Amino acid sequence: MMKLLESIKVGNAILKNSMVMAPMTRSRANINGVVGDSTVLYYAQRASAGLIISEAINISKQAIGSPLTPGIYTSEQINAWKKVTQAVHEKGGVIYAQLWHTGRVGHSLVKNGELPIAPSAIAIEGQQHFTMEGMKYYETPRALSTEEVKTIVQEYKQAAINAIEADFDGVELHSAFGYLPNQFLAESANQRTDHYGGSNENRNRFVLEIMQEMVEAIGSDKVAIRLSPTSTYNNMVHQNPVEQFTLLINELNKLPLSYLHIMNVPFPADKFPNYPINSVETFGKLTQHVVIANCGYTKETGEAELEKGIAKLISYGALFLANPDLPKRFELDAALNEPDRATMYGGKDEGYIDYPFIA
């Protein structure tokens, strides 16, 4: 039997297979960050995944960076997510909420005129951001005060409590791909002089405080984290990622987490000679927690990754987007639907809940 199709225990849940639906922004919430019936169906269709990780969910109004992305900070938002989790649970699925603060990866046009915030007042360069008025260059964000940083830590804690109220099975901190927690980790975005910057210990502090608060709030084996140590997207640069993330993972080992989700992002090796070639191998070996590996895996490469024994699960993004019954297709070696890039973000039900199941 394929390892991908083997049952596995993660956190408090027994998963029916070792395939994870990766978190994917779909921008189908309404203007108030509330998900609707199509989102309920979208996740229910994919409940054959061993674990579903939701699209990134804004923890506060300030957290919003992109239009029509969902939140989990109002009762209306929480009640809407309850319908999603109920539908997934009715189909025997397990679903975690990915908690999101975009930090500087936003634009005032998306934020009612408010400037995005960040560890330091450093803009993303060479990239543009999608707004309702088209693509725009990034603005210089406003640097957070120490007190504001502490407030955001508490907002993550409250979002975790809200996620459990919405009947999610757990939460994943989105600490990857250049969003706020990742911005604190990276020297290129964090040039603070308080105890949230200046050394690896200090740059790691924001993430560790959030994780500790969430574990205390919702209990053991329900909190997880996603990391992308080699992603350079959104201007993320780490001077010494092996040293820094080793330190971070050693601290995370002291917490009763359910998993560590590692994005094995390719990078230009000539420009970043100090980066580890393989994040899953380098950092997966250091953790005491279950490892989920992510980034462009196929059925074959996912199976091969599990055979190595470091990662215990593989997360699939676009493949789950286009194939609601992906585990069945892997099992039967059936052909796969091709994801339609044009309908990935925003829009209606087309390219969202109309991908065919196998007959």
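Just above sits the structure.
A brief look at the structure comes next.

Rules and cut-offs
- Residues numbered from 1 in each chain as written.
- Predicted model: local features only at pLDDT ≥ 70, side-chain atom pairs only at ≥ 80, totals over all residues.
- Heavy atoms only, no water.
- Helix = DSSP H or I, 4+ residues; strand = E, 2+ residues; numbered from the N terminus.
- Buried < 20%, exposed > 50% of the residue type's maximum accessible area, 1.4 Å probe, protein only.
- Contact = heavy atoms within 4.5 Å.
- Salt bridge = Lys/Arg side-chain N within 4 Å of Asp/Glu carboxyl O.
- Axes fitted to C-alpha atoms, helices over the stretch in contact; angles between N-to-C directions.
- Left-handed = near helix turned anticlockwise from the far one by under 90°.
- Phe/Tyr/Trp six-rings, centres within 6.5 Å; stacked < 30°, edge-to-face > 60°.

1. Observations regarding the environment of Gln244
- Here Gln244 is to be found in helix 6 (residues 241-252).
- For Gln244, a relative accessible area of 1% translates into the label buried.
- Sequence separation between Gln244 and Leu99 is 145 residues; the distance between their C-alpha atoms is 23 Å.
- Those residues in contact with Gln244 that sit more than four places away from it in its chain are Leu185, Glu187, Asn200, Arg203, Asn204 and His238.

2. A look at the pattern of salt bridges
- Counted under the stated rule, the structure contains ten salt bridges.
- Among the ionic pairs, Glu148 bridges to Arg142, the shortest N-O distance being 2.9 Å.
- Residue classification places Glu148 among the partly exposed positions, given a relative accessible area of 25%.
- Between Glu251 and Lys254 there is a salt bridge, and its shortest N-O distance comes to 3.0 Å.
- Under the relative-accessibility criterion, Lys254 is labelled exposed at 60%.
- Among the ionic contacts, a cluster of salt bridges with common partners joins Glu281, Glu305 and Lys308.

3. What to know about the environment of Ser220
- Secondary-structure assignment places Ser220 in the loop between helix 5 (200-218) and strand 11 (223-227).
- Excluding anything up to four places from it in sequence, Ser220 contacts Asn12, Val215 and Pro256.

4. Quick look at the packing of helix 3 (residues 146-165) against helix 5
- Relative orientation of the contacting elements helix 3 and helix 5 amounts to 35 degrees, with a least axis distance of 9 Å. Both helix 3 and helix 5 take part in a crossing whose hand is right-handed. Contacts between helix 3 and helix 5 involve Val149, Ile152, Val153, Gln154, Tyr156, Lys157, Ala160, Ile161 and Ile164 from the former and Phe206, Glu209, Ile210, Glu213, Met214, Ala217 and Ile218 from the latter.

5. Focus on the packing of aromatic side chains
- Per the counting criterion, the structure on display carries 14 aromatic pairs.
- Ring geometry for Trp100 against Tyr179: centres 5.3 Å apart, planes inclined by 85 degrees, an arrangement best described as edge-to-face. Here Tyr179 lies in the loop between strand 10 (170-175) and helix 4 (180-185) and Trp100 lies in strand 5 (residues 95-100), a separation of 79 residues in the sequence. The pair formed by Trp100 and Tyr179 is uniform in burial state, with each residue classed as buried.
- On the numbers, 4.8 Å between centres and 35 degrees between planes, the contact of Phe272 with Tyr275 is tilted. Each of the two residues, Phe272 as well as Tyr275, counts as buried.
- Three or more aromatic residues joined by ring pairs make a cluster, and in this case those are Tyr42, Tyr43, Trp81, Phe168 and Tyr352.

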